[in-house]
Amino acid sequence: MLGADCSRMLNLIDGTRAVLRSKSDAFPPLELHYAETCIVPQAAGDYEISSPDGSEVKVILACVRN
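Given the structure is predicted, the values throughout are model-derived calculations rather than measurements.

A. How the structure looks around unusual backbone geometry. In the Ramachandran plot, Asp25 falls in the positive-phi region, its phi being about 60° despite a non-glycine side chain. Turning to its location among the elements, Asp25 is positioned in the loop between strand 2 (17-22) and strand 3 (30-33). A residue is classified by how much of its surface remains accessible, and Asp25, at 70% relative accessible area, is exposed. The backbone of Ala35 shows a phi angle near 75°, a positive value even though the residue is not glycine. Counting through the fold element by element, Ala35 comes out in the loop between strand 3 and strand 4 (37-40). For Ala35, a relative accessible area of 47% gives the class partly exposed.

B. How the structure looks around the pattern of salt bridges. This structure, assessed with the given rule, holds one salt bridge. Among the ionic pairs, Arg17 bridges to Glu31, the shortest N-O distance being 2.9 Å. In this pair, Arg17 sits in strand 2 while Glu31 sits in strand 3, placing the two residues 14 residues apart along the sequence. Residue Glu31 is classed as partly exposed on the basis of its relative accessible area of 35%.

Cut-offs applied
Residues numbered from 1 in each chain as written. Predicted model: local features only at pLDDT ≥ 70, side-chain atom pairs only at ≥ 80, totals over all residues. Heavy atoms only, no water. Helix = DSSP H or I, 4+ residues; strand = E, 2+ residues; numbered from the N terminus. Buried < 20%, exposed > 50% of the residue type's maximum accessible area, 1.4 Å probe, protein only. Salt bridge = Lys/Arg side-chain N within 4 Å of Asp/Glu carboxyl O.

Taken by themselves, the reported measurements are silent on function.
In structure tokens, the structure reads:
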């Protein structure tokens, strides 16, 4: 498990698209397409990643220490 004291770098590696959603509405939903990368700051809190059509998606998740 990644440490809680880091920002997260996510890269969609499988699936055509995924939606990143904040569990606390800290940021608006963000749609990622295949091979796109985003950074989620530690301050954004908990989030979830899902496919809009229910298909399986895979991401690489890396911790970027603050």
